[in-house]
Amino acid sequence: MQVYEVLTTKDLKEIIKHGSKSFPLAIYKTLLSRNKLGYVQLHWHNEIQFVLVTKGTINFIVDSTSNIIEENNGIFINSNHLHSARSFQCNDSEYICIDVNANLFINNENNIINKKYLEPFISAKSIPAISLNRDIQWQQDILNDFEILYLLYEEKKFGYELKMQSIILNILHNMIINSE
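Residues numbered from 1 in each chain as written. Predicted model: local features only at pLDDT ≥ 70, side-chain atom pairs only at ≥ 80, totals over all residues. Heavy atoms only, no water.

**Some details on unusual backbone geometry**
Working note: non-glycine residues mostly have negative phi, and peptide bonds are mostly trans. Spelled out, the test is: Elements are defined by DSSP. Helices are runs of H or I of four residues or more, strands are runs of E of two residues or more, and each kind is numbered from the N terminus. Partly exposed describes any residue whose relative accessible area lies between the buried limit of under 20% and the exposed limit of over 50%, with all areas from a 1.4 Å probe on protein chains only and scaled to the type maximum.
Positioned with a positive phi, Asp63 is a non-glycine residue whose angle comes to about 50 degrees. On the secondary structure map, Asp63 appears in the loop between β4 (57-62) and β5 (65-70). Within the chain, Asn72 stands out as a residue other than glycine whose phi angle is a positive 75 degrees. Here Asn72 is to be found in the loop between β5 and β6 (74-77). Relative accessible area serves as the criterion here: at 38%, Asn72 is assigned to the partly exposed category.

Okay, here's the thing in structure tokens:
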């Protein structure tokens, strides 16, 4: 699904709800030239975001920091951080965006997984984004998982939600242990 415009409140918080209350995850394929402005304007949201660039090169600005992401590479954008996306030195670029609300895997705030790993990572102001490059093995593994998530979401075969949740937790595990 293509998003053509990011609607925001006055403080730039995105209004769009990603997924449903029972499965708070949504995946979008975005061709930047199809967006109303030709790019994705500055905004923020509570969801964490995983991105895989599938065509061209994109400049993701996250909290005033430029992240130039080339085709087949990606970026993780943490919860509640201002970000935007524009094609970089090319006519058009495309990416797959996976927006996930932490409620997908946090069902008990006192759970050790949440308290020890997820909450500290997702709420870390020191980790606004992580660029992901196929030249680094653990990052390549994450990018491969992005592709699997996209296919699972598109096909929606029985059990896909369970498999997606498992893969997302694996991605977060990889990022948490390698971001120390």
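**A closer look at the packing of aromatic side chains**
We apply this condition: A pair of Phe, Tyr and Trp rings is counted when the ring centres sit within 6.5 Å of each other, with Trp represented by its six-membered ring. The angle between the planes then sorts it: under 30 degrees is stacked, over 60 is edge-to-face, the rest tilted.
Enumeration over the complete set of coordinates arrives at five aromatic pairs. A centroid spacing of 5.5 Å and a plane angle of 40 degrees characterise the contact between Phe50 and Phe76, whose relative ring orientation is tilted. You can see Phe50 sitting in strand β3 (residues 48-55) and its partner Phe76 sitting in strand β6, a full 26 residues away along the chain. For Phe76, a relative accessible area of 0% corresponds to the buried category. Measuring from ring centre to ring centre gives 5.3 Å for Phe50 and Phe146, while their planes differ by 50 degrees; the resulting arrangement is tilted.

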